[in-house]
Structure formats: C-alpha cells, structure tokens
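Observations on the model geometry
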Amino acid sequence: MSANTSSAAVRTGRPAGGPPAATGVRRVLRATPTAWVIWAVVLFFFVNLAGVVGSVLVSSFGRRWFDTWLPTGFTTQWYGEAWHEFGLLHVITVTLIASALVVVLSVLVGAPAAYVLARQNFPGKRLVYLTFLLPILMPPITYGIPLATVLYKFGFAGHLSGVVLANLVPSVPFVILTMTPFIEQVDPRIESAARMLGAGTRAVFLKILAPLLVPGLLASAILVLVRTVGMFELTFLTAGPDSQTLVVALYYSMSAAGIRAQQSVDAMAVIYTSMMLVLLVVALRFVNPTQLVARVKEEPE
Amino acid sequence: MDRRLWLLLPATVFVLVLFIYPFVYGLSLSFQPMNGGGVFANYQKFFSDAYQRDTIVTTLRIALPAALLNVLAAVPIAFRMRGRFRGKRLMTTVLVIPITLGTVLTAQGLLNFLGPTGWFNRVLMGIGLADDPIRLTNNYWGVFFSLIITGFPFAFLLVLSYLSGIDPTLERAAATLGASRSQRFRRITLPLLAPGLATTFLLTFVLAFSVFPSAVLVGNPAGSTRVISLAAYQAAYEQYDYAYASAIAMIMGAVELVVVAVVLVWRSRLYTGSTGGKG
C-alpha cells in the first residue's frame, strides 16, 4: 500500500488543453479532498482487516489469551495439534483431489460449449445461455439441497464422487463465462485460413485454437480451482466423513465449539488461508484480475 | 446444421442432469409433504409460521445493504485505480487477499478482533470513545462485516474490470469539448458503467443472499441472523424433511430471482452496447 499512496494520488492532468493522461507520461499529483476521504476509508478498512487477520495469527501462536493485549506466551503446539487431531493430511489430500477433478472435468465440458457460444448463432441460443447462467445466479443452497437429495438417491453423496459432481454445477458455467470473451478475441479469419489450407476441425482445434487459448484456459482453470477449494455449501451438503474438504472440516471444528481449543481452530484457519493464498498468488501470475470481464489492451509501458 | 454444434452437447447434458433435473425433482418433492396434507402444505407451513417466514426479511435485510455497500464503495476506489501507476499490481493483490481468508478465519478474526476483549474495543475504550465494549459480534453486525470483508474485494475486482473496459478516448473527447470532471463522470462513464454495476450487484447479492456459515459462526443463528438458508438446512439435515427443505429452497430461489429480475429489467433499460474497449 505504501508503495502507491504517493503515486495513487497522481491524477489525470488538466482536462482541457491537449490530451490529458497521455500514454506513459507521469501524471501530475493533484489530490482532491474526495481522494483523501476515499483513501482514508480504504486505510480504515485495511487497518481493521489487518486486525481481524492479525488476531487470528497471534491467537494461533498464543498460549493463553484472555483479557490482555497479547497472549501470555507463544508456542507452535496448536499447529501440531491441529495437524494430528483433524487428520489434516487426509483432509488436504481430499481437497486437492476433489478440486483437481472438478477443474479438469469442468474445463473439458465447458470449453467446447464456450467455443460454440462465442462463434455460432443458432435458434434458442439465448435460452441455452440463460440455462448456463442460472447456476451462477442462484445461491448454492437453493439447488444444493435438491441436488444433494438426488445424489443421495443414486448413492453418490457421502463420497468423493458426490462432492465432485456437486461442485461441477457452478464450475462448468463459470468456465463457459470466463472462456467466451477469450474465444471471441481470437480472429475467426485465422480459423478460416487454416481451414482453407486444408486443416480439419481437429487440426484447427489442436494447432490453432488450443495454443491461442492457453491464457484463457489457465485463467478459468485457476479460478475454478480457487472457487472449489473455497466452496462451502455444496461440499457441506454432499460430503461424507471421509470426503470432507478443508473448508467443511474447518466449519465443523468451529461450530462444535467447546470440544476444540479455540487456538487449534485458529491454527487450522491459518493453514487453510495460507493454502488459498498460494493458489491465488499463482493465479495472479497468469490472470490479470482487472481483465476478467472486459478485455482491454493495457496502455503500453 | 453445423456439426460444431455437437460441441455443446456435453455441457447441455451436464446442465440437464445435474442442475435442471435436481431442480425439477426438488420442485415436485416440495409438493409432496412428508406428513400428508394438500399439495401446497409445505408452502402453507412455511408462510403460516412467523419464525420461518421472517427468515426472508432477515436474509434480505442482511444481503441487500451488504451488496449495495460493496458495489457503491467499489466505484470510487476503482475509479481512482484506473490506468497505470506504480504499485498497481501490489494494490490489486492486497485487495484480493480477503478472498482467500475463508469464512472461518474471517469469523474467528471478527470474534477475536471485535469481541468484548478484542483489540477494537480496547482501542475504543483506550481513547475514550466508549465506556463499555460495543457488541459487534454474535449479532447482525458480525454477519454484515463478514459479508463486507469477503464481498468487497470481489465487487471491487469486477467494477475495476468493467471500468478498465471503458475506452478512455471517450472521456478525452468529452474533455476536449469542455466537459468538466463531474460532467464526464455523470454523462460518459456512469452510463457506460451502469450495466457492469448491475451485474456486480447481482453477483455480490447472490454471495450475500446464501450467507450460511457466517450467519452461524459470527451471527445469532437463533434470532437476528436466522437466514433462510439456515431454515432450509435445518429442515433437511435436522428434521430430515427433504420435502419441506426443498420447498424452502424453492422459496429462497424465488425471492432471489425476483431481486435478480428487478435488477435485470432496470439494466435492460440502460445502454447495453459495446463499451468500445475491445482491443
């Protein structure tokens, strides 16, 4: 934050008289009162956020912490306890396997559909599009409860397969939505040219489209991964004792208060967040989050 | 017919089997009450019981303000983060971090930080702003804050994304014609941004509307934060009445779709053409 409070206040130059905000030119610092208010609010938000996260971190390393500013001493025992008591190794393995399956399946199912929706016009296209949109527009609990009932009926729920199937419901539409703008960006003339030169559909896909779409594929795959690891409701409704993911195990350990030391739950939450953070940092290396919905050429350096 | 349409088949089958079929199944199940009675018995049961009926209002009272605040707060901040500047990537990363926190860490953090002996109340009492600890957890505010912490970064990213999709030359053109900064915002940027804002509001609202874990963990799940998803969950997994649970889920979906429809109708009256930013 400090790196840019100075430069963030850099405002667009004078409106009249030549093109303001000229490309690449350092702009003149003009912080208006509104700007100060906004940055103060942002700062307040972050100070409190730091307090929220910090208190969990401190508590997860703390010995006894009651009515004081800091715990009486520090220890790492809670991490060891959380790791063993909750069988975290198993839980993390389940989380990673389930998420990986969801990512692979949703890309395999979603990407071809995104291609058709980006390129073709056909009767009923709007209806198809709306159907794919609905699972994203509905809260997971609304379709999760009927879905879990159906999955129990057919014997999927309570196992890893049920967790994967349930998590596919919002993931496939998500892949379709994030991939479509990427596909629209690929000039159809490239495909036509390849076809004219005798390439079949297969060759067009493997040699032309796939390489051009790698960024889009990575973007949607990573976002689905982050979403699935963090998805609580659907996994909660469909998981059995052996197929709990980290979020669900965490929820149980916290809602069953009194059984676990609070610090041990804190330690587990820190482990979860570190895992998510690693995933997200990896994601941000491949995806520019500001270009998710509207793809714009960044101004050149 | 184009052969490429076959590519749509897997996704269509998937959505039919895993989304439409369960939904229809749930809908028909909701009309078959477990304990007998008419077709609408489950719905009558829900609406005649004030404890259940009020969950709708409770949910909307939490979700609407939270979603609205998230979107409205995101606009000025995103507006200031447009264009290139040093540290932009760092700033975006910092703003995205709350997404990784997860409900439980947020809940534990809020309980620790805002609780009666937490740092927040210590500071307030230390500088003399409060004599007694302010109660901010295990009630409405705990849930509200948790929705802001998880929802704001998401809303911010989307708004920033829509905002960077607006061609800057349009504003420059307006500036050349003598439009002031506020005129440019009101007449150019805001109309182009409005459809994006509607979408952002919808997605944040969906997130907030299904609030369930945080309503239990930092809220008051028996009273002021007994949200509708909690009622549905209790019916299914505590009373094992899947028919009733399905009915509640359907009511929940209907309420949510009404809000979505209102926003979409409002949005369709706005300019929906290209923002001119396709590169």
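Residues numbered from 1 in each chain as written. Chains lettered and ligands numbered in written order. Predicted model: local features only at pLDDT ≥ 70, side-chain atom pairs only at ≥ 80, totals over all residues. Heavy atoms only, no water.

Here we look at the overall build of chain A
Note the threshold: Counting from the N terminus, the helices are the DSSP runs of H or I reaching at least four residues and the strands are the DSSP runs of E reaching at least two. The rule is simple: take the accessible area with a 1.4 Å probe, protein chains only, and divide by the maximum for that residue type; under 20% is buried, over 50% is exposed, in between is partly exposed. When checking whether two residues touch, look at their non-hydrogen atoms; a contact exists if any pair is within 4.5 Å. Working definition of accessibility: Shrake-Rupley area with a 1.4 Å probe, residue cover restricted to the visible protein chains.
Scanning chain A for helices and strands turns up 12 helices and zero strands. In chain A, the order of α-helices and β-strands from amino to carboxyl end is α-α-α-α-α-α-α-α-α-α-α-α. Evaluated residue by residue, chain A yields a buried proportion of 52% over its 301 residues. Contacts in chain A between residues far apart in sequence, at least 24 positions, make up 65% of those at least 6 positions apart. For chain A, the accessible area works out to roughly 14,000 Å², and carbon and sulfur atoms hold 69% of it.

Concerning the overall build of chain B
Here is the rule we go by: When charges are counted, Lys and Arg contribute as positive and Asp and Glu as negative, whereas His and the chain ends are disregarded. Taken as the charge location is NZ of Lys, CZ of Arg, CG of Asp or CD of Glu.
For chain B, the helix and strand inventory stands at 12 helices and zero strands. Along the first, second and third principal axes, the C-alpha set of chain B runs to 75 × 70 × 30 Å. Out of the 279 residues in chain B, the part that is buried amounts to 53%. Pairs at least 24 residues apart make up 72% of the contacts formed inside chain B by residues separated by at least 6 positions. Carbon and sulfur atoms make up 67% of the accessible area of chain B, which amounts to about 12,100 Å² in all. For chain B, the distance from the average site of its 22 positive side-chain charges to the average site of its 10 negative ones is 16 Å.

Quick notes on the nonpolar core
Note the threshold: Nonpolar cores were defined as sets of buried Ala, Val, Leu, Ile, Met, Phe, Trp, Tyr and Cys residues, with membership established by side-chain atoms within 4.5 Å. Residue ranges assigned to each domain were obtained from an automatic or database domain assignment.
Within the largest apolar cluster, 120 residues are counted, with the highest numbers of intra-cluster contacts made by A:Leu246, A:Met268, B:Phe152, B:Phe156, B:Phe212, B:Ile228 and B:Ile248. Looking at this core, the element that brings in the most residues is helix 7 (residues 140-164) of chain B, giving 13 residues. Residue contributions to this core reach at least three from each of two domains, namely domain 1 (24-75) and domain 2 (87-292) of chain A. Here B:Phe212 is in contact with A:Ile141, A:Phe232, A:Glu233, A:Phe236, A:Tyr251, B:Ser229, B:Leu230 and B:Tyr233, once residues within four sequence places are set aside. Counting 50 residues, the second-largest nonpolar core is a separate cluster that includes A:Ala114, A:Leu117, A:Ile136 and A:Ala166.

Focus on the UniProt feature "transmembrane region" (unreviewed entry) in chain A
All names here are of chain A. Selection criterion: UniProt positions are given in the numbering used here, feature names are shortened, and annotations may be inferred rather than shown by experiment.
Sites flagged by UniProt as "transmembrane region" (unreviewed entry) map to residues 36-61, 88-115, 127-152, 164-183, 204-226 and 269-287. Taken as a whole, residues 164-183 contains 100% helix and 0% strand, while its terminal C-alpha atoms sit 27 Å from one another. Counted over residues 204-226, helix gives 100% and strand 0%. Its end C-alpha atoms are 31 Å apart.

Focus on the side chain of B:Thr204
Residue and element names in this part refer to chain B. With respect to the helices and strands, the residue Thr204 is situated in helix 9 (residues 181-209). Look at Thr204 and you get buried, because its relative accessible area is 2%. Filtering out sequence-adjacent residues up to four positions away, Thr204 remains in contact with Ala67, Asn70, Val71, Gly151, Phe154 and Ala155.

Re the interface of chain B and chain A
Counted only if it meets this: In the sections that follow, a salt bridge refers to a side-chain nitrogen of Lys or Arg positioned within 4 Å of a carboxyl oxygen of Asp or Glu. The definition of a polar contact used here is a pair of N or O atoms within 3.5 Å, where within protein one atom must be able to donate a hydrogen and the other to accept one, and adjacent residues in sequence count solely through side-chain atom pairs. Note that Gly is not counted as nonpolar here; it falls among the polar residues with everything else outside the nonpolar set of Ala, Val, Leu, Ile, Met, Phe, Trp, Tyr, Cys and Pro and the charged set of Asp, Glu, Lys and Arg.
Facing 98 residues of chain B, the contacting portion of chain A comprises 113 residues. In this assembly, chain B and chain A are joined by zero salt bridges. At the junction of chain B with chain A, the criterion picks out five residue pairs in polar contact (both at pLDDT 80 or more). The biggest single contributor to the side of chain B that touches chain A is helix 5 (residues 98-114) of chain B, with 15 residues. Looking at the side of chain B that touches chain A residue by residue, the class counts come to 64 nonpolar, 21 polar and 13 charged.

A look at the environment of A:Thr72
All names here are of chain A. Positionally, Thr72 belongs in the loop between helix 2 (33-60) and helix 3 (77-85). Residues Thr72 and Gly62 lie 10 residues apart in sequence; the distance between their C-alpha atoms is 7.1 Å. When near neighbours in sequence (up to four residues on either side) are disregarded, Thr72 contacts Arg63 and Arg64.

Digging into the domain arrangement of chain A
Residues and elements named next belong to chain A. To keep things clear, this is the line we draw: Summed over both partners, the accessible surface that disappears when two parts come together, traced with a 1.4 Å probe, is what is meant by buried area.
If you check the domain split of chain A, you get domain 1 (24-75) and domain 2 (87-292). Centre-to-centre separation of domain 1 and domain 2, based on C-alpha positions: 32 Å. Sorting the residues of domain 1 by area buried against domain 2 places Val56, Ser59 and Ser60 first, and these three jointly supply 74% of that buried surface. Inspection of the domain 1/domain 2 interface yields zero salt bridges. For the pair domain 1 and domain 2, the number of links is one residue pair in polar contact (both at pLDDT 80 or more).

Points about the packing of helix 2 of chain A against helix 5 of chain B
The criterion, for reference: Axes here mean lines fitted to C-alpha atoms, for a helix over just the part in contact, with angles spanning 0 to 180 degrees between N-to-C directions. Orientation categories follow fixed angle ranges, with anything under 35 degrees roughly parallel, anything over 145 roughly antiparallel, 65 to 115 roughly perpendicular, and all other angles oblique.
Contact pair helix 2 of chain A / helix 5 of chain B: the axes reach a minimum separation of 8 Å and the direction vectors enclose 80°. Judged by the inter-axis angle, helix 2 of chain A sits roughly perpendicular to helix 5 of chain B. In this structure, helix 2 of chain A uses A:Asn48, A:Leu49, A:Gly51, A:Val52, A:Val53, A:Ser55, A:Val56 and A:Ser59 to contact helix 5 of chain B, whose residues at the interface are B:Pro98, B:Leu101, B:Leu105, B:Thr106, B:Gln108, B:Gly109, B:Leu110, B:Asn112 and B:Phe113. Considering only residue class, the contact of helix 2 of chain A with helix 5 of chain B consists of nine nonpolar, eight polar and no charged.

Remarks on the confidence of the model for chain A
Convention followed: How sure the predictor is of each residue is captured by pLDDT, a score from 0 to 100.
Here chain A shows a mean pLDDT of 79. Residues at 70 or above account for 83%. Across residues 1-25 of chain A, where pLDDT falls below 50, the model places 50 contacts with residues more than four positions away in sequence or in other chains.

Quick notes on the pattern of salt bridges
As enumerated under the stated definition, the model contains three salt bridges over all chains in all. Put simply, A:Asp187 and A:Arg189 hold a salt bridge, and the shortest N to O gap is 2.8 Å. B:Lys45 serves as the salt-bridge partner of B:Asp241, at 3.8 Å between the closest nitrogen and oxygen. Placement of the pair is B:Asp241 in the loop between helix 11 (228-237) and helix 12 (242-268) and B:Lys45 in helix 2 (residues 41-48), with a sequence separation of 196 residues. Overall, B:Lys45 belongs to the partly exposed group, its relative accessible area being 36%.

Section: the packing of aromatic side chains
Selection rule: The rule is short: rings of Phe, Tyr and Trp, with Trp giving its six-membered ring, pair when the centres are within 6.5 Å, and they are stacked under 30 degrees, edge-to-face over 60, tilted in between.
Under the criterion given, the structure shown has 33 aromatic pairs over all chains. Ring geometry for A:Phe45 and A:Phe46: centres 5.7 Å apart, planes at 75°, overall edge-to-face. Aromatic pair B:Phe19 and B:Phe23: ring centres 5.9 Å apart, planes at 40°, arrangement tilted. Taken together, the residues B:Phe19 and B:Phe23, both in helix 1 (residues 9-30) and four residues apart, mark about one turn of the helix. For B:Phe19, a relative accessible area of 3% gives the class buried. An aromatic cluster is built from A:Phe232, A:Phe236, A:Tyr251, A:Tyr252, B:Phe212, B:Tyr233, B:Tyr237 and B:Tyr242, whose rings are joined through pairwise contacts.

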